[in-house]
Amino acid sequence: MEAKEITFSYDEKTAQLTNVSCEIEQGKVTTIIGPNGSGKSTLLGVLSKSYLPQGGQILLDGKTLNQYKPKELAKKLAVVHQQNDAPVDMTVEKLTSFGRLAHRRFLTPQHDEDDAAIDWALACTNLTEKREKTITQLSGGERQRVWIAMALAQKTPILFLDEPTTYLDMYFQFEILELVKSLNERHGLTIVMVLHDVNQAIRYSDRLIVMKAGEIILEGTPEEMLTAEMFKAVYGVDVLIKEDEEMGLFVVPKGI
Ligand code: ADP
Ligand code: MG
């Protein structure tokens, strides 16, 4: 997937994305980082065709996003949004089954292929035992996994996740990131995510995209781009960059 010189504004006045170009490599984990309000969710929205850019082009498998019909695109990419709501009485299985809508014709019953995709999505997210539970009966970590299950049931080669670890405690953050890692490594999904925590981004990504004020200011592997100067320029924070034999590179904020 490739974005070329994207310009996007919500209100036609202030540009939220200016001249944004980036490449999403197949089979890799790409993470978008940057300060609050820098345009990370907006970029995900444009890449997944939730928003239509005023300028530029996005190519996916040799076609522009404009050329895809909604159902056709829904077979290529699935999105887990930052905020999700569901009716409280809906079961995990029912919610997961919504991921199949793109694959079914209107008002046709669910087929074996749909059942298999739902079972697979529930197994990947370790929710098989919880399939009959309702959303209110789940912990925060389990709820986040339901949204991921719904996206997985779509059976797409590309998965977008917007801050999948926000609001979760340390244990559940790891659980989600390990799940994302296994989806990439074992099931070959191309992952594009937004993460708040730069150390998680460094550890779980093949490539990073760094945004500031609606522009991509750096793109590359974590090792290539991690400098104290970058953190000062992007976040306005002084950091120490350390390397640990087991953990690799990590960043410690020193002050502002
Ligand atoms: P991030 O995800 O990096 O925190 P966003 O992409 O959500 O940033 O927001 C980028 C900018 O666009 C911000 O200035 C934000 O206020 C603005 N913005 C986000 N969503 C909307 C919207 N639906 N309508 C108008 N402005 C928006
Ligand atoms: Mg956001």
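A quick note: this is a predicted structure, and the numbers were derived from the prediction, not measured.

*Asks:* How should the sheet that holds strand 7 (residues 158–162) be read in this particular structure?
*Replies:* Paired through backbone hydrogen bonds, the strands of a sheet run either parallel or antiparallel to each other. Within the open sheet, the six strands sit side by side as 6-7-8-3-9-10. Their pairing is mixed. Only two strands of the sheet have a single partner each, and these edge strands are strand 6 (77–80) and strand 10 (215–220). On average, each strand axis in the sheet is tilted by 15° relative to the strand beside it, whichever way the strands run. Two strands pair when backbone bridges link them, and strand 6 and strand 7 are joined in this way by four bridges, in the parallel orientation. Residue pairing across strands places V80 opposite L161, the latter belonging to strand 7. Across the sheet, helix 6 (residues 170–185) lies against strand 3 (29–33), strand 7 and strand 8 (190–194), angled at about 155° from strand 8, the strand it touches most. Together, strand 3, strand 9 (207–212) and strand 10 form the strand contacts of helix 9 (residues 228–235), whose direction differs from that of strand 9 by roughly 40°.

*Asks:* Looking at this structure, how should I read the packing of aromatic side chains?
*Replies:* Each pair of aromatic rings is reported with the distance of its centres and the angle of its planes. If you walk through the whole model with that rule in mind, you get five aromatic pairs. Note on F8 and Y51: the rings are 5.4 Å apart at their centroids and 20° apart in plane angle, and the pair reads as stacked. Here F8 is found in strand 1 (residues 2–8), whereas its partner Y51 is found in the loop between helix 1 (40–47) and strand 4 (55–60), with 43 residues between them in sequence. By relative accessible area, Y51 is classed as partly exposed at 30%. Ring plane angle 20° and centroid distance 5.9 Å describe the contact between F231 and Y235, whose orientation is recorded as stacked. On the criterion of helical spacing, the pair formed by F231 and Y235 is a turn pair, its members being four residues apart in helix 9. The class for F231 is buried, based on a relative accessible area of 4%. Here a set of aromatic residues connected by ring pairs shows up, and it is made of F8, Y10 and Y51. Cation over ring: K63 sits above Y68, and NZ or CZ is 4.5 Å from the ring centre. Above the face of the W120 ring, K155 is positioned so that its terminal group lies 4.1 Å from the ring centre.

*Asks:* Can you walk me through the site of ligand 1 in this structure?
*Replies:* Contacts to ligand 1 come from Y10, Q16, P35, N36, G37, S38, G39, K40, S41 and T42. Within the side chain of Y10, an N or O atom sits 3.4 Å from a nitrogen atom of ligand 1. Here an oxygen atom of ligand 1 sits 3.2 Å away from a polar atom, N or O, in the main chain of S38. Burial of ligand 1 by the protein amounts to 56% of the accessible area it has alone, namely 560 Å². Looking at side-chain class alone, the shell around ligand 1 contains two nonpolar, seven polar and one charged residues.

*Asks:* Can you help me understand the pattern of salt bridges in this one?
*Replies:* Side chains that carry opposite charge are capable of pairing whenever their charged atoms lie near each other. Counted according to the given criterion, the structure contains 12 salt bridges. D61 serves as the salt-bridge partner of K76, at 2.6 Å between the closest nitrogen and oxygen. Of this pair, K76 sits in the loop between helix 2 (70–74) and strand 6 while D61 is found in the loop between strand 4 and strand 5 (63–64), placing the two residues 15 residues apart along the sequence. Here K76 falls in the partly exposed class, since its relative accessible area comes to 24%. The exposure class assigned to D61 is exposed, which follows from its relative accessible area of 54%. Between D119 and R131 there is a salt bridge, and its shortest N-O distance comes to 2.9 Å. Taken together, the residues span a long stretch of sequence, with D119 in helix 4 (residues 112–124) and R131 in the loop between helix 4 and helix 5 (140–152) at a distance of 12 residues. For D119, a relative accessible area of 36% gives the class partly exposed. It is possible to trace a salt-bridge network through shared partners that takes in E25, K28, R207 and E219.

About the cut-offs
Residues numbered from 1 in each chain as written. Chains lettered and ligands numbered in written order. Predicted model: local features only at pLDDT ≥ 70, side-chain atom pairs only at ≥ 80, totals over all residues. Heavy atoms only, no water. Pairing = 2+ DSSP bridges. Helix = DSSP H or I, 4+ residues; strand = E, 2+ residues; numbered from the N terminus. Axes fitted to C-alpha atoms, helices over the stretch in contact; angles between N-to-C directions. Contact = heavy atoms within 4.5 Å. Phe/Tyr/Trp six-rings, centres within 6.5 Å; stacked < 30°, edge-to-face > 60°. Buried < 20%, exposed > 50% of the residue type's maximum accessible area, 1.4 Å probe, protein only. Lys NZ or Arg CZ within 6 Å of the ring centre and 35° of its normal. Near = heavy atom within 4 Å. Polar contact = N/O pair within 3.5 Å; in protein donor to acceptor, adjacent residues only side chain to side chain. Areas by Shrake-Rupley, 256 points an atom, 1.4 Å probe, with all protein chains shown as cover. Nonpolar A, V, L, I, M, F, W, Y, C, P; charged D, E, K, R; others polar. Salt bridge = Lys/Arg side-chain N within 4 Å of Asp/Glu carboxyl O.

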